[in-house]
Amino acid sequence: MQNITSSTIICPQCAGENQISVDDRFIECVFCNSAIYVDKSKVVTHYVVNSNFNQSTAEGNLRRWMAGNFQVKDLDKLAQVSKVSFYYFPMWYFKTLDISGDRIYLQPATSTSISEIKKISVPAGNLKVFHKKEFNENEFMPPDIYLTSAQKWLTDSGVNLTNIKEASLVHIPFFQFNYTYNGSEFTALVESSSGKVYANLWPKKSETPYRAMFGIGVALYLIISIIAIIISVSSFNSGGEVASGSIVLKMFFYILASIPLIIIAFAIAKKV
Ligand SMILES: [Zn+2]
């Protein structure tokens, strides 16, 4: 049997016929200079998203995110960054068109343990044709998930494949920060085009003090209600104004009880 050493692919941009060797995956069209990625089943245009951040500005975004309300107090100051890596992560990019309009779907083109990557979105205007010379090839993670697998995932999530207008490969730049806090390891990604931070797990504020305060609050209001009932019953026995008297009394005690609760809540929010 004869070994196939070259084959012809049709450029998805200009329809020009390119001769390539069978091992070639990333090629440039000899006619229009488009970047092309040769998948097992299909030839697609290869795009890249520009990186607009460097390591220190990306870390600045991470620290600001760490200082946010959902993170544990002083995480921005206490987190120790243990490792930083920069890479272009490959995603299959699908554009569908139906009566409701355009929609974009992204699916990882290589296996990753970082589930945050599935949440990312890319504005269409940020896509640039990939040119080898402009980038450091070592920073590009090669795809290892076939286009057909990604299409199957799309079908499984209810997308009609006949509506796919465009399928491409897109490399998206990320800074990956590994950091430790309180002896535990965490990972956060900064998408280096928009600077957006992606993380699924992070040191969260403890909910225990809030739960304890809720318990104390409920107990306090229960006690006030019982006292108010006792007072109203005893005043009924002595022939006083029952209903209105007990309501005014209750209101007074409720307001009185809420003052220390509000103070405790502020104290907890500052400390946690
Ligand atoms: Zn071409």
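Because the structure is a prediction, the values reported are computed rather than measured.

**Let's talk about the coordination of the zinc ion**
- Coordination of the zinc ion by the protein comes from Cys11 (SG), Cys14 (SG), Cys29 (SG) and Cys32 (SG), over a distance range of 2.2 to 2.3 Å.
- Bound by four donor atoms, the zinc ion shows angles of 105 to 112° at the metal and therefore tetrahedral coordination geometry.
- Every donor residue of the zinc ion comes from the same chain, spaced as C-x2-C-x14-C-x2-C.
- By relative accessible area, which is 1% here, cysteine 29 ends up buried.
- Taking the relative accessible area as the measure of exposure, cysteine 32 reaches 31% and is therefore partly exposed.

**Re the environment of tyrosine 181**
- Relative to the helices and strands, tyrosine 181 resides in strand S9 (residues 164–181).
- Beyond its immediate chain neighbours, meaning those up to four positions away, tyrosine 181 contacts Val72, Leu75, Leu78, Phe186 and Pro203.

**Some thoughts on the pairing of strand S7 (residues 101–108)**
- Bridge count between strand S6 (residues 80–98) and S7: eight bridges; the pairing is antiparallel. Bridge assignment links methionine 91 to a residue of S7, and that residue is proline 108.
- Here S6 hands over to S7 after two residues, the two strands then running antiparallel side by side.

**As for the domain arrangement of the chain**
- Split into domains, the chain comes out as domain 1 (6–198) and domain 2 (208–271).
- Look at where the C-alpha atoms of domain 1 and domain 2 centre, and you get two points 56 Å apart.

**Digging into the pattern of salt bridges**
- A full pass over the atoms with the stated rule returns five salt bridges.
- Note that aspartate 156 is salt-bridged to lysine 152, the shortest N-O span being 3.1 Å. One end of the pair is aspartate 156 and the other is lysine 152, both in helix H3 (residues 147–156) and four residues apart, which spans about a single turn.
- The exposed category is assigned to aspartate 156, whose relative accessible area is 58%.

**As for helix H1 (residues 55–66)**
- Look at H1: 16 Å from first C-alpha to last across twelve residues, which is about the 16 Å you get at 1.5 Å a residue.
- Listing the buried residues of H1 in full gives Ala58, Asn61, Leu62 and Met66. One side of H1 carries all its buried residues, which in axial view fall inside an arc of 140°. Along H1, exposed side chains directed more than 90 degrees from the buried face belong to Ser56 and Arg64.
- On its buried face, H1 is in contact with helix H2 (75–78), S9, strand S10 (184–191) and strand S11 (197–198).
- For H1, the N-terminal capping position is held by asparagine 54, with its side-chain oxygen 3.1 Å away from the main-chain nitrogen of serine 56.

Here is what the cut-offs are and how they apply
- Residues numbered from 1 in each chain as written.
- Predicted model: local features only at pLDDT ≥ 70, side-chain atom pairs only at ≥ 80, totals over all residues.
- Heavy atoms only, no water.
- Donors = N, O, S within 2.8 Å, 3.2 Å for Na, K, Ca; no water.
- Tetrahedral: all angles 85-135°; square planar, octahedral: opposite > 155°, others 65-115°.
- Buried < 20%, exposed > 50% of the residue type's maximum accessible area, 1.4 Å probe, protein only.
- Helix = DSSP H or I, 4+ residues; strand = E, 2+ residues; numbered from the N terminus.
- Contact = heavy atoms within 4.5 Å.
- Pairing = 2+ DSSP bridges.
- Domains from an automatic or database assignment.
- Salt bridge = Lys/Arg side-chain N within 4 Å of Asp/Glu carboxyl O.
- Expected span 1.5 Å × (residues − 1).
- Arc of directions from axis to C-beta.
- Polar contact = N/O pair within 3.5 Å; in protein donor to acceptor, adjacent residues only side chain to side chain.

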